[in-house]
Amino acid sequence: MASPTRLVRESRVTKPVVLLAEELSPATVDSLGPDFELRHCDGSDRSQLLPALADADAVLVRSATKIDAEALAAARRLKVVARAGVGLDNVDVKSATQSGVMVVNAPTSNIVSAAELAVGLLLAAARHVAPASDALRRGEWKRSKYTGVELYEKTAGIVGLGRIGVLVAQRLSAFGMKVIAYDPYVQAGRAAQMGVRLVTLDELLAEAEVISVHLPKTAETLGLIGEAQLRRVRPEVIVVNAARGGIVDEPALYSALKEGRVAAAGLDVFATEPCTDSPLFELENVVATPHLGASTHEAQEKAGIAVARSVRLALAGELVPDAVNVQGGVIAEEVRPGIPLAEKLGRIFTALADGIAQQLDVEVRGEITVHDVTVLELAALKGAFADVVEENVSYVNAPLLAAERGLEVRLLTDPDSPDHRNLVTVRGTRADGSQVSVSGTLVGIQQRERLVEIDGYDVEIEPTEHLVLAQYEDRPGMIGTVGNILGDAGVNIAGMQVSRDRRGGQALVAMAVDSAVSSEVIEDIHVAMDAEWVRRVDLA
């Protein structure tokens, strides 16, 4: 018979170990519950962290603990890394994915705090709060110098109508402001329900007396508000960026403020952070904060509780709402390899559609349909929104994002798949009634991903990190033309597939390239080929 000591030791071993690598709130610890063995260490001290990870099933971190390839290699039993916050700069997501470790964060924990800070920056800029306060502290009473402006009946332009953008729009509406917004991925009807009028970016720049940015930082949005855009705004405009640094071009903004083409600015984010030395800080009409969007007690508490809940779900093998890289839940092994493919198809679909369609069908065909393939619909939907909304998109919030934008989504299954063992198709209808589609499958023993149809054209190409797609009139010399343009830009073509509907008709070229392609190069290709359309897709 086993000794009592041995029985105690064995009972302890059966409890999953959760490592708390940083100080977390009591509410976070309480949310984990009694089902885990909780251990603590100073995650910023590698000599403590690496040994502590050896037996951990989960690790909870904030921003001071770096979970990189070395840390993951030391964590033999690790199943989940939980970041009690939004950013994942301190977590090597790619290495975690390769190690089969789920990464979760709390993508909605700070949306109220971020929205309130944006409004606070706007109010501070409109009423010269920072320079007036500094003057008073120096013993100067300068009421007339710091005369401000009211927000009432002014026009606010929201650039990006995601969750934070919506919250800002609601709050500015309460000030009696007229709210317009630019977001090509939101239906006009949905915006109208919120009392927001959708406009083009040029219209927003011309009309708005306040511009508040709420977009993700992508290749498309980097420098979106630059020199040319800031020359089209009203001179009384106030520019607020509490989203991501680099979306508003900082040198261009400095020039516009210095020359009186922009009245004031409120900034919480910068192209390079930490940022403690910027020409913008010299200007009295700039109020700046050191990336404080999520820095409230409430946001930190929400983040901790959210990731504690995700850890419980992950270690129980259930669906995890905020999984960044690996989808949880009870998923058949036959279905699991198709999840990344479905997400890529969703991202390619959105690039092809040049926005979110009004209706989206996810069609799954073949023997895989004997299993529950709902996760493939979620993965495709997650991909469809990944590059167009500010917040992180998860398998749970993707349907909510679709509902908020009036997007109808259907999952269609058919056990009959004539050409492929299994086939996933993402198909949608644009606002003008035209359809867009992209299909993919997995081939061979190693289940390699292949695109097999793009917008009705048969292809066979691997969906690599960077793709360039173009539809054009079939005529000699076009492939050489696009090859020369990419070659001149230093972009290597790793694979190419050409398909056409008939000789001399319409053709499609799909290219896998080794590096990202700039907007300028895409435009050059468009002009040189006289193409119907050219799209780039970055799946990295």
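Residues numbered from 1 in each chain as written. Predicted model: local features only at pLDDT ≥ 70, side-chain atom pairs only at ≥ 80, totals over all residues. Heavy atoms only, no water.

**Some words on a nonpolar patch on the surface**
In step 1: On the surface, a cluster of nonpolar side chains totalling about 200 Å² of accessible area is made up of Ile-479, Met-496 and Val-498.
In step 2: Looking at the secondary structure, you find Met-496 in strand β20 (residues 493-500). (Patch = residues over 30% accessible without salt bridge, like charges linked within 9 Å, V, L, I, M, F, W, Y side chains within 5 Å. Areas by Shrake-Rupley, 256 points an atom, 1.4 Å probe, with all protein chains shown as cover. Salt bridge = Lys/Arg side-chain N within 4 Å of Asp/Glu carboxyl O. Helix = DSSP H or I, 4+ residues; strand = E, 2+ residues; numbered from the N terminus.)

**Some details on the pattern of salt bridges**
In step 1: Counted by the stated rule, this structure contains 28 salt bridges.
In step 2: With a closest N to O distance of 2.7 Å, Asp-361 and Arg-410 form a salt bridge. Taken together, the residues Asp-361 in strand β13 (residues 359-366) and Arg-410 in strand β14 (residues 408-414) connect sequence positions 49 residues apart.
In step 3: For Asp-361, a relative accessible area of 8% gives the class buried.
In step 4: With a closest N to O distance of 2.5 Å, Glu-367 and Arg-421 form a salt bridge. One end of the pair, Glu-367, is in the loop between β13 and α15 (374-386); the other, Arg-421, is in the loop between β14 and β15 (422-429), with 54 residues separating them in the sequence. (Buried < 20%, exposed > 50% of the residue type's maximum accessible area, 1.4 Å probe, protein only.)

**Quick look at the nonpolar core**
In step 1: Ile-348, Leu-376, Phe-385, Val-438, Leu-451 and Ile-454 are the most contacted members of the largest nonpolar core, which totals 49 residues.
In step 2: If one sorts the elements of this core by residue count, helix α14 (residues 338-353) sits on top with nine residues.
In step 3: The contacts of Leu-376, once residues within four sequence positions are left out, are Val-335, Gly-338, Ile-339, Ala-342, Val-362, Val-364, Ile-368 and Val-424.
In step 4: Counting 33 residues, the second largest nonpolar core, distinct from the first, contains Leu-161, Ile-164, Val-166 and Met-177. (Core = buried A, V, L, I, M, F, W, Y, C linked by side-chain atoms within 4.5 Å. Contact = heavy atoms within 4.5 Å.)

**Overview of the sheet that holds strand β19 (residues 466-473)**
By definition, the strands of a sheet pair up through backbone hydrogen bonds, in either a parallel or an antiparallel sense.
In step 1: Pairing is antiparallel across the open sheet formed by four strands, whose spatial order is β20-β21-β19-β22. Of all the strands in the sheet, the pair left with one neighbour each is β20 and β22 (533-538). Going across the sheet, the axis of each strand differs from the next one's by a mean of 15 degrees, ignoring polarity.
In step 2: Of the pairings in the sheet, the one linking β20 to strand β21 (residues 506-513) comprises seven bridges and is antiparallel in character. Note on β21: the bridge partner recorded for Ser-499 is Leu-508.
In step 3: Relative to β22, α14 is tilted by about 150 degrees, and along the sheet it contacts β19 and β22.
In step 4: In the packing of helix α18 (residues 519-529) onto the sheet, contacts are made with β19, β21 and β22, and the angle to β22 comes to roughly 150 degrees. (Pairing = 2+ DSSP bridges. Axes fitted to C-alpha atoms, helices over the stretch in contact; angles between N-to-C directions.)

**Quick word on empty space enclosed by the protein**
In step 1: As enumerated under the stated definition, the model contains one cavity of 30 Å³ or more in all.
In step 2: The calculated volume of the largest cavity comes to roughly 40 Å³.
In step 3: Taken together, Ala-124, Ala-125, His-128, Val-129, Ala-130, Pro-131, Ala-265, Glu-284, Asn-285, Val-286 and Val-287 make up the lining of the largest cavity.
In step 4: Counting only elements with at least two residues in the lining of the largest cavity, the list comes to α6 (111-126), α7 (129-137) and β12 (286-288). (1 Å grid on protein atoms, 1.4 Å probe; cavity = no way out; pocket = protein on both sides within 12 Å on 5 of 7 lines; lining within 4 Å. Points joined across faces, edges and corners; volume = space filled by probe spheres on them.)

This is a description of form; function is not addressed.
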